[in-house]
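Observations on chain architecture
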Amino acid sequence: MPTRTSAAHVPDTRASDVLVVGGGIIGLVTAWRAAQRGLGTAVVDPEPGGGAARVAAGMLAAVTELHYGEQTLLGLNLASARRYPEFAAELTEATGQDLGYRRCGTLAVALDADDRAHLRELHTLQQGSGLESEWLSGRECRRLEPMLAPGVRGGLRVDGDHQIDPRRLAKALVTACERAGVVFHRTWAERLRVAGDRATGVVIAGGTELAAGQVVLAGGSLSGQLAGVPDAVLPPVRPVKGQVLRLTVPKRYAPFLNRTVRAVVRGSHVYLVPRENGELVVGATSEELGWDTTVTAGGVYELLRDAHELVPGITELPLTETRAGLRPGSPDNAPLLGPTELDGLLLATGHYRNGVLLTPVTGDAMAHALTTGELPEEARPFTPRRFHATALTEQPA
Ligand code: GLY
């Protein structure tokens with residue numbers, strides 16, 4: 001195992017048991033759960049509660065976002081979806097904050113024969129996976145959601161796919177961490193400290209060393225960028241840009257939609273997520289453009305065009321926000337959780353399209369790993385070692 005030791009810096013005497021690099025929802029839930037288990041925990045992030053959750057729509061869509069070849073991930077997604085009611089109740093109890101958790105279900109609809117065939121395939125896959133979804137005619141879809149376009153050809157009703165407001169979730173997790181005694185270092189982590197054959201902490205902006213028994217790298221799409229992480233354990237995550245719009249439903253139009261409505265239009269996913277407070281989130285593009293977070297006219301146009309085909313009345317609504325975020329994509333679209341080949345370094349990253357959904361199960365799995373050294377059964381397929389094993393054996397002769 002190659003190691004690097006950084007130059008001398010100013011040590012900080014406040015060593016923690018666990019240091020989490022990254023204060024997005026995944027880093028925060030890890031810190032909260034670790035602190036609840038009695039571990040002295042700190043988070044390094046210039047803006048805790050930021051990251052991809054500032055942009056995400058917050059669909060908890062284990063069933064409607066099922067894809068071929070992702071059955072293992074489905075198991076983890078479902079495990080997390082099952083935990084959501086209790087998780088949300090516990091977080092609200094701990095903070096007094098409403099998370100916008102809404103058990104409203106999802107309707108995935110088809111606009112033409114190709115979309116219909118695609119949805120039929122999804123329905124077959126869902127049934128084959130033992131999931132609950134119901135095929136509806138176009139008329140039945142419009143009865144549920146009267147704002148749908150008259151041309152809707154059919155749809156899948158999934159009453160188990162809910163939503164949460166990720167911004168509220170992130171804010172509540174910051175509060176829960178603070179109340180559980182988590183220390184926040186509101187700055188950038190610049191380098192992992194490695195001494196001998198283990199990670200021993202990080203160096204933050206200004207050169208201060210923060211020592212820790214265990215370091216969790218939970219930096220979302222930036223997780224592969226921390227200096228000092230040995231190449232063999234560097235997480236293979238990449239940024240996948242998503243542009244998202246926020247509109248407001250005036251009270252006189254409410255309820256505009258009763259549940260999340262989504263479709264694949266000309267091969268692109270579009271979804272409309274209605275919040276109880278009148279916000280309507282429309283997402284999302286999926287673009288492999290590196291670190292670019294520009295909101296483009298083309299991105300906004302395509303989202304509005306596709307959303308308008310589904311729900312024509314959307315063009316009446318005020319457009320209140322446009323934003324782009326970066327999903328942490330991994331080579332198999334699944335997260336990297338738990339210990340790495342470098343002692344003292346764990347990962348909680350690579351959640352790609354499922355970060356909000358996977359928040360509860362990630363917190364539990366990481367707390368288990370931090371206290372026992374092992375992942376719980378349901379999270380074992382997501383060990384980072386599935387990638388590192390290859391990296392270590394592919395050294396040139
Ligand atoms: N899970 C929705 C998205 O990533 O766009």
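Residues numbered from 1 in each chain as written. Predicted model: local features only at pLDDT ≥ 70, side-chain atom pairs only at ≥ 80, totals over all residues. Heavy atoms only, no water.

This brings us to the pattern of salt bridges. Two side chains of opposite charge can pair, provided their charged atoms sit close to one another. Taken as a whole and assessed by the stated rule, the structure comprises 26 salt bridges. Of the charged contacts in the structure, one is a salt bridge between arginine 83 and aspartate 364, with a shortest N-O distance of 2.8 Å. Of this pair, arginine 83 sits in helix 2 (residues 71–95) while aspartate 364 sits in helix 7 (residues 359–372), and the two are 281 residues apart along the sequence. In this structure aspartate 364 comes out as partly exposed when scored by relative accessible area, which is 24%. The shortest N-O distance in the salt bridge between arginine 168 and aspartate 165 comes to 3.4 Å. Taken together, the salt bridges that share partners define one network made up of Asp98, Asp165, Arg168, Arg246, Arg275 and Glu279. (Salt bridge = Lys/Arg side-chain N within 4 Å of Asp/Glu carboxyl O. Helix = DSSP H or I, 4+ residues; strand = E, 2+ residues; numbered from the N terminus. Buried < 20%, exposed > 50% of the residue type's maximum accessible area, 1.4 Å probe, protein only.)

Judged by nonpolar contacts, the single largest core of 50 residues is most densely connected at Leu91, Leu169, Leu173 and Val216. Those elements that place two or more of their residues in this core are strand 1 (10–21), helix 1 (25–36), helix 2, helix 5 (166–179), strand 18 (345–349) and helix 7. Looking at this core, the element that brings in the most residues is helix 1, giving eight residues. Not counting residues up to four positions away in its chain, the partners in contact with leucine 169 are Ile25, Tyr84, Phe87, Leu91, Leu99, Ile164, Val356 and Thr359. Listed in part, the 28 residues of the second largest apolar core include Leu245, Leu247, Ala263 and Ile314. (Core = buried A, V, L, I, M, F, W, Y, C linked by side-chain atoms within 4.5 Å. Contact = heavy atoms within 4.5 Å.)

UniProt's entry tags residues 17–368 with the feature "domain: FAD dependent oxidoreductase" (unreviewed entry), counted in the numbering of this structure. As annotated, residues 17–368 comprises 28% helix and 29% strand, and the C-alpha atoms at either end are separated by 14 Å. (UniProt positions renumbered as here; feature names shortened; annotations may be inferred.)

Where helix 1 contacts helix 7, the two axes come as close as 8 Å, and the packing angle between them is 50°. As judged from the angle between their axes, helix 1 and helix 7 are oblique. Crossing geometry of helix 1 relative to helix 7 is assigned as right-handed. Across the interface between the two elements, Ile25, Ile26, Val29, Thr30, Arg33 and Ala34 of helix 1 pack against Thr359, Thr362, Gly363, Asp364, Met366, Ala367 and Leu370 of helix 7. Classifying every residue of the contact of helix 1 with helix 7 by side-chain character gives seven nonpolar, four polar and two charged. (Axes fitted to C-alpha atoms, helices over the stretch in contact; angles between N-to-C directions. Parallel < 35°, antiparallel > 145°, perpendicular 65-115°, else oblique. Left-handed = near helix turned anticlockwise from the far one by under 90°. Nonpolar A, V, L, I, M, F, W, Y, C, P; charged D, E, K, R; others polar.)

Relative to the helices and strands, threonine 359 resides in helix 7. It is 19 Å that separates the C-alpha atoms of threonine 359 and glycine 96, two residues lying 263 residues apart in sequence. Ignoring any residue separated from it by four or fewer positions in sequence, one finds threonine 359 in contact with Ile25, Ile26, Val29, Ser80, Tyr84, Phe87, Leu169 and Leu173. For threonine 359, the side chain forms a polar contact with the main-chain oxygen of glycine 355, separated by 2.8 Å. (Polar contact = N/O pair within 3.5 Å; in protein donor to acceptor, adjacent residues only side chain to side chain.)

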